[in-house]
Amino acid sequence: SHVQINGEPLYQRSGRIEVTVDSGAVLGYLSTIDNRTGDAVYQAGLDVSSITAGARWIVPTVGRLPGANNTRWRSDVRIWNGDSAPQTIQLDLRRGATSIEKQIVLQSGETVSYDDIIAVLYPELGDVFGVLAIRGNGVLAATSRIYNESATGGTYGMAAPPRMESDFLTAGDQRDLLQISYDEFYRCNFGITALDEGAQVRVSAYDLNGQLLGAKTYQIAPRTNTQVAIFPDLGITTQHSAARLQVHVLSGRAYAYASVIDNKTGDAIFVEAER
């Protein structure tokens, strides 16, 4: 069975919910809903016991910039110190060879909230798009979302979940992304984030019958994110409402995802190539 609990008595901007399973097996999640637009962001539970002390978390796409169809994209980030002692957290905004570092201190159990993180921590950069690396000495966790600010108020967006380096795809890994649309209602961006050594990734698009529509190999520079309008970039001019993308990592380590965006509202869903 399924139970969903309304969290309105828990009004807060930067807290967390801890779930302990006493018996049986459950799948816990959150849906955070914008009261102005009705847009929801899904967040799966994190297994804290699997987080390695000192692990580096990578937010695959973070930015503050204009997009297609008059969209205006922003990123929110939350960071939680899950350690028993205070931590100095290193935040490293990376754009290829360029790296801008910031430091913050979190007390044990503290969660810090950054709405529009580029404007808050990197105001001197203006419009920018990059990769954010987050690291401390102990156990920490992070979440992120990227969203469009609606011209009429409110937001439409998607989770852009940070991942530890161990979660990245490695050479030989192959994954499929479903629920890919490219038609008059939706457009699709495909993104790849590479770690320090860079990556080479082959991307193939298939229609709902499994017919190959197009393919291309991307060379991703170290510590960068490359995002493309995948169907035009593959030379595909036909419309597809139930396509599939196949990702094959040829070398290096990479994080791959797609965002499928509603052309009318700017609302996006996040589709991840999970390891």
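This text goes with the structure placed above it.
Note that the structure is a prediction, hence the values are computed from the model and not measured.

Q: Is there a simple way to think about the overall build of the protein chain in this case?
A: In terms of regular secondary structure, the protein chain is built from two helices and 18 strands. Since a compact globule built from 275 residues should have a radius of gyration of about 19 Å, the 19 Å found for the protein chain is in line with a globular shape. The principal-axis extent of the C-alpha atoms belonging to the protein chain is close to 55 × 45 × 40 Å. If the 23 positive side-chain charges of the protein chain are averaged to one point and the 30 negative ones to another, these points end up 5 Å apart.

Q: How do you make sense of the environment of Leu-177 when you look at a structure like this?
A: Secondary-structure assignment places Leu-177 in strand β13 (residues 174–182). Its relative accessible area of 0% is what places Leu-177 among the buried residues. For the pair Leu-177 and Val-247, spaced 70 residues apart in sequence, the C-alpha separation works out to 7.9 Å. In this view, Leu-177 contacts Phe-190, Ala-243, Arg-244, Leu-245, Val-247, Tyr-257, Ala-258, Val-271, Glu-272 and Ala-273; residues no more than four positions away in its chain are not counted.

Q: In this structure, what is going on with the side chain of Arg-94? I would like to understand it.
A: Considering the arrangement of structural elements, one finds Arg-94 in strand β5 (residues 87–95). Only 3.2 Å separates the side chain of Arg-94 from the side chain of Asp-196, close enough to count as a polar contact. With residues near it in sequence (within four places) discarded, Arg-94 still touches Arg-56, Ser-99, Gly-130, Val-131, Ala-133, Asp-196 and Arg-223.

Q: Explanation requested: the side chain of Thr-71 in the structure shown.
A: Assignment of secondary structure puts Thr-71 in the loop between β3 (56–66) and β4 (72–81). At 2.7 Å, the side chain of Thr-71 forms a polar contact with the backbone oxygen of Ala-68.

Q: Would you mind going over the pattern of salt bridges with me for this structure?
A: Should their charged atoms come close, side chains of opposite charge can pair. Applying the stated criterion across every chain, the model contains 16 salt bridges. Linking Asp-196 and Arg-56 is a salt bridge whose minimum nitrogen-to-oxygen distance equals 3.3 Å. Taken together, the positions of Asp-196 in strand β14 (residues 186–206) and Arg-56 in strand β3 put the pair 140 residues apart, joining distant regions of the chain. Overall, Asp-196 belongs to the partly exposed group, its relative accessible area being 38%. Residue class for Arg-56 comes out buried when judged on its relative accessible area of 9%. Notably, a salt bridge pairs Asp-116 with Arg-64, separated by 2.7 Å at the nearest N-O pair. Of this pair, Asp-116 sits in the loop between β7 (111–114) and α1 (117–121) while Arg-64 is found in strand β3, placing the two residues 52 residues apart along the sequence. We classify Arg-64 as partly exposed; its relative accessible area is 24%.

Q: Teacher, can you tell me more about the pairing of strand β9 (residues 140–149) here?
A: Moving residue by residue along a regular strand, the side chains alternate between the two faces of the sheet. Of all 10 residues in β9, seven are buried, a share of seventy percent or more. Taken together, the nine bridges between β4 and β9 define a ladder with antiparallel strand orientation. Each residue of the ladder has a partner; that of Arg-74, found in β9, is Tyr-147. Inspection of the sheet shows β9 paired to strand β10 (residues 155–159) by five bridges, in the antiparallel sense. Paired with Ile-146 across the strands is Met-158, a residue of β10. Connecting β9 to the next strand, β10, in antiparallel fashion are five residues, including Gly-153 with a positive phi near 105 degrees.

Q: It is not clear to me how the packing of aromatic side chains should be interpreted in this structure. Could you clarify?
A: When we look at a pair of aromatic rings, we describe it by the centre distance and by the angle of the planes. Taken as a whole and judged by the stated rule, the model has five aromatic pairs. Seen from their ring centres, Tyr-255 and Tyr-257 are 6.3 Å apart, and the 50 degrees between their planes marks the pair as tilted. For Tyr-257, a relative accessible area of 0% gives the class buried. One aromatic cluster is present, formed by Phe-168, Tyr-255, Tyr-257 and Phe-270 through successive ring pairs. Over the ring of Tyr-206 we find Arg-244, and its NZ or CZ is 4.4 Å from the ring centre.

The rules behind each value
Residues numbered from 1 in each chain as written. Predicted model: local features only at pLDDT ≥ 70, side-chain atom pairs only at ≥ 80, totals over all residues. Heavy atoms only, no water. Helix = DSSP H or I, 4+ residues; strand = E, 2+ residues; numbered from the N terminus. Rg over C-alpha atoms; globule rule 2.2 N^0.38 Å. Lys, Arg positive; Asp, Glu negative; His and termini not counted. Charge placed at Lys NZ, Arg CZ, Asp CG, Glu CD. Buried < 20%, exposed > 50% of the residue type's maximum accessible area, 1.4 Å probe, protein only. Contact = heavy atoms within 4.5 Å. Polar contact = N/O pair within 3.5 Å; in protein donor to acceptor, adjacent residues only side chain to side chain. Salt bridge = Lys/Arg side-chain N within 4 Å of Asp/Glu carboxyl O. Pairing = 2+ DSSP bridges. Phe/Tyr/Trp six-rings, centres within 6.5 Å; stacked < 30°, edge-to-face > 60°. Lys NZ or Arg CZ within 6 Å of the ring centre and 35° of its normal.

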